[in-house]
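Residue-level listing of the chains:
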Amino acid sequence: MTQTPDPAPPTPTRPTSGRRPAAVLVGFMGAGKSTVGRILADRLGVDFVDTDVELVRRTGRSIPEIFESDGVEGFRVIEENVVTDVLDNHGGVVSLGGGAVTTAGVREALTDQRVAYLNVSPERGYARVSGTDRPLLATEDPAARYAELLAERTGTYASVCSFEVDADADPETVADAIVAQLARELM
């Protein structure tokens, strides 16, 4: 009796709901992703999800606690899982944590999304986060570390975005620019 080999297992893919976010906001800490995201969601009449807030909700731990107990690598694994799930299942506006795009799985999940890169200057961005509890800035010279990390990530943000907006402007102006760009894309 001849046995036929079992068929090859299907290639694993991420299950998706078929929903696609109206817009995904990326950029460095202090770019205003959360603030602009709320305004943008309101203007578009959709829900808003901040993946940092969602990550804290799902884990029951603060981001600094996760960094301390799991390290940067452990945090990025948790973050990737949260981000990919949100991108697969949320139809509104999504803002990602500043370092989410450093993970290959997140960059892959951003393919074919409407991604707005909120490009902030080092001076403006650092002024917005100065004095906050940011694990990556816990150094002797947080302003220099901010500028260094921003410079390292700028190319990655640009590589995943559909369009870029100047995030040094006030949040209302940034949201207006995104709405105008989304309208152009839908034409």
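Residues numbered from 1 in each chain as written. Predicted model: local features only at pLDDT ≥ 70, side-chain atom pairs only at ≥ 80, totals over all residues. Heavy atoms only, no water.

**Thoughts on the confidence of the model for the chain**
Confidence in the prediction of the chain, expressed as mean pLDDT, is 88, and 88% of residues score 70 or more. Considering only residues more than four positions removed or in separate chains, one finds that residues 1–17, a stretch of pLDDT under 50, has eight contacts. (pLDDT = per-residue confidence, 0-100. Contact = heavy atoms within 4.5 Å.)

**Quick look at the packing of helix α2 (residues 51–59) against helix α3 (residues 63–89)**
Their axes nearest at 10 Å, the elements α2 and α3 cross at an angle of 110°. Classified by the angle their axes make, α2 and α3 are roughly perpendicular. Both α2 and α3 take part in a crossing whose hand is right-handed. Here α2 contributes Thr51, Asp52, Glu54, Leu55, Val56, Arg58 and Thr59 to the contact with α3, which in turn contributes Ile63, Ile66, Phe75, Ile78, Glu79, Val82, Val83, Asp85 and Val86. (Axes fitted to C-alpha atoms, helices over the stretch in contact; angles between N-to-C directions. Helix = DSSP H or I, 4+ residues; strand = E, 2+ residues; numbered from the N terminus. Parallel < 35°, antiparallel > 145°, perpendicular 65-115°, else oblique. Left-handed = near helix turned anticlockwise from the far one by under 90°.)

**Some thoughts on the sheet that holds strand β4 (residues 115–119)**
Overall, parallel pairing links the five strands, which are arranged β2-β3-β1-β4-β5 in an open sheet. Only two strands of the sheet have a single neighbouring strand rather than two, namely β2 (48–50) and β5 (163–166). Strand after strand, the sheet turns through a mean of 20° between neighbouring axes, direction not considered. Both β2 and strand β3 (residues 93–95) contribute to a ladder of three bridges, which runs parallel. Among the inter-strand pairings, Asp50 is bridged to a residue of β3, identified as Ser95. Seen against the sheet, α2 touches β2 and β3 and runs at an angle of roughly 70° to β2. (Pairing = 2+ DSSP bridges.)

**Considering α2**
Within the span of α2, buried status applies to Thr51, Glu54 and Leu55. Seen end-on, α2 carries its buried residues on one side only, within an arc spanning 105°. Along α2, the residues that are exposed and aim more than 90 degrees away from the buried face are Val53 and Arg57. Looking at the buried side of α2, the elements it contacts are β2, α3 and β3. In this structure Asp50 caps α2, since a side-chain oxygen of it lies 2.8 Å from the backbone nitrogen of Asp52. (Buried < 20%, exposed > 50% of the residue type's maximum accessible area, 1.4 Å probe, protein only. Arc of directions from axis to C-beta. Polar contact = N/O pair within 3.5 Å; in protein donor to acceptor, adjacent residues only side chain to side chain.)

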